Amino acid sequence: MITLTPKGESRIPVNGKCISPDTFAAKSLQEISHLLLWEGNRKRLLSELFVVEGESGDKACDVRIRIAGDVGRVRRIGTSMTGGEILIDGNAGMHLGEEMTGGSITVYGNADSWVGSMMKGGDITVVGNVNDYLGAPYRGLTTGMEGGKITVKGNAGNEAGCFMAGGVIRICGDAGIFAGIHMKGGTLLVKGSAAGRAGAMMTGGRVVIVGKIPSILPSFVVDEVRGSVRVDEERIGGPFYVFKGDATESWNGSLYISVNNNPHLKSYETKIA
């Protein structure tokens, strides 16, 4: 295992793209220590910002990286990783696990925006909260997360699952506004409540909300009531209203909304054929 201990907290953003099992694989401790990263507009050695200890592996899948401290200002950790493991004992910065295809990342704290942006495989677990755009692409792009799994034990910000095309996102707490906006595929599960406008402009996939939601967008039509819904190997008890939409895009998206936690939606039952 390679252990990185921050030498104090950087006051400006750091591009930590080089902190990845793929980059560390088959390198000596000295070679890893001399990897370059950007702190603001300055090039820095990894060893200037971190105490580097331990031993690497020959392949990415054999490399474990532990970051022993808060790296909330360090962005793009685990970018494009194909295997191995990253453990972060604190907060993580933006774009964690961006475009990763394999391996796992666990954050024992909170994470900033764009966690799992455009990821295609692997697993990310955040024990705390995450900020906005969970699994979403960069602004201007139209394909977000395509595969893999993201689990957030706390709450998520706005636009979780934006342009999501595959994979599974689990949010154990609450989600902000526009959960599943522009969603194309995959499953977004919110075990808590959602702030509203869920599934706006979605063309596919499923958004499952176990808690409360203020209202359903008028471009969705109630289709049926189901007793439960399966997300991977987990069977989640309902019952759930199933809405189809968004009619402004297509009718291929599905919203599963808890019946028991949303009594204000009872009038929709009269519209089920």
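To be clear, the structure that these remarks concern was listed above.
Residues numbered from 1 in each chain as written. Predicted model: local features only at pLDDT ≥ 70, side-chain atom pairs only at ≥ 80, totals over all residues. Heavy atoms only, no water.

How should the side chain of Ser219 be read in this particular structure?
By the element assignment, Ser219 lies in the loop between strand E14 (206–209) and strand E15 (221–231). Owing to a relative accessible area of 15%, Ser219 belongs among the buried residues under this scheme. Not counting residues up to four positions away in its chain, the partners in contact with Ser219 are Lys244, Gly245, Asp246, Ala247, Thr248 and Trp251. (Helix = DSSP H or I, 4+ residues; strand = E, 2+ residues; numbered from the N terminus. Buried < 20%, exposed > 50% of the residue type's maximum accessible area, 1.4 Å probe, protein only. Contact = heavy atoms within 4.5 Å.)

Help me understand the nonpolar core in this model?
The nonpolar side chains of a soluble globular protein tend to be buried with one another. Counting 64 residues, the largest nonpolar core has Leu4, Ile19, Leu46, Phe50 and Leu134 as its most contacted members. Listed in part, the 10 residues of the second largest apolar core include Val168, Leu189, Val210 and Val229. (Core = buried A, V, L, I, M, F, W, Y, C linked by side-chain atoms within 4.5 Å.)

Explain the pattern of salt bridges here, please?
By the definition in use, this model includes 13 salt bridges. Note that Lys149 and Asp232 form a salt bridge whose closest N and O atoms lie 3.2 Å from each other. Here Lys149 is found in strand E11 (residues 149–152), whereas its partner Asp232 is found in the loop between E15 and strand E16 (234–245), with 83 residues between them in sequence. Using a relative accessible area of 37% as the deciding quantity, one classes Lys149 as partly exposed. Linking Asp232 and Arg170 is a salt bridge whose minimum nitrogen-to-oxygen distance equals 3.9 Å. With Asp232 in the loop between E15 and E16 and Arg170 in strand E12 (residues 168–171), this residue pair connects regions lying 62 residues apart in the sequence. We classify Arg170 as buried; its relative accessible area is 15%. Taken together, the shared-partner salt bridges in this structure form one network comprising Lys149, Arg170, Lys191, Asp232 and Glu234. (Salt bridge = Lys/Arg side-chain N within 4 Å of Asp/Glu carboxyl O.)

Would you mind showing me how to read the layout of surface pockets here?
To find the voids left in a structure, one rolls a probe of water-molecule size over its atoms. Here the largest pocket defines a volume of roughly 170 Å³. Lining the largest pocket are 16 residues, and of these Pro6, Gly8, Glu9, Ser10 and Leu49 sit closest to its centre. Here the residues of the lining of the largest pocket are counted per class, giving six nonpolar, three polar and seven charged. (1 Å grid on protein atoms, 1.4 Å probe; cavity = no way out; pocket = protein on both sides within 12 Å on 5 of 7 lines; lining within 4 Å. Points joined across faces, edges and corners; volume = space filled by probe spheres on them. Nonpolar A, V, L, I, M, F, W, Y, C, P; charged D, E, K, R; others polar.)

What should I look at first to understand the packing of aromatic side chains in this one?
Describing an aromatic ring pair means giving the distance of the ring centres and the angle of the ring planes. The final tally for this structure, using the stated rule, is three aromatic pairs. Seen in terms of ring centroids, Phe243 and Tyr268 are 5.0 Å apart; in terms of plane orientation they differ by 90 degrees. Their pairing is edge-to-face. With Phe243 in strand E16 and Tyr268 in the segment after strand E17 (253–258), the pair connects residues that are 25 residues apart, well separated along the chain. Pair check on accessibility: Phe243 and Tyr268 agree, each one buried. Through successive ring pairs, a cluster of aromatic residues spans Tyr241, Phe243 and Tyr268. When the ring centre of Tyr256 is taken as reference, the NZ or CZ atom of Arg206 above it lies at 5.9 Å. (Phe/Tyr/Trp six-rings, centres within 6.5 Å; stacked < 30°, edge-to-face > 60°. Lys NZ or Arg CZ within 6 Å of the ring centre and 35° of its normal.)

In this structure, what is going on with the sheet that holds strand E7 (residues 74–75)? I would like to understand it.
Across a sheet, paired strands are connected by hydrogen bonds in the backbone, their directions being either parallel or antiparallel. As summarised here, the arrangement of the four strands in space is E4-E3-E2-E7, forming an open sheet in which the pairing is mixed. Of all the strands in the sheet, the pair left with one neighbour each is strand E4 (42–45) and E7. As judged from the two bridges shared by strand E2 (residues 14–15) and E7, these two strands associate in the parallel manner. Residue pairing in the sheet places Asn15 in a bridge with Arg75 of E7. (Pairing = 2+ DSSP bridges.)

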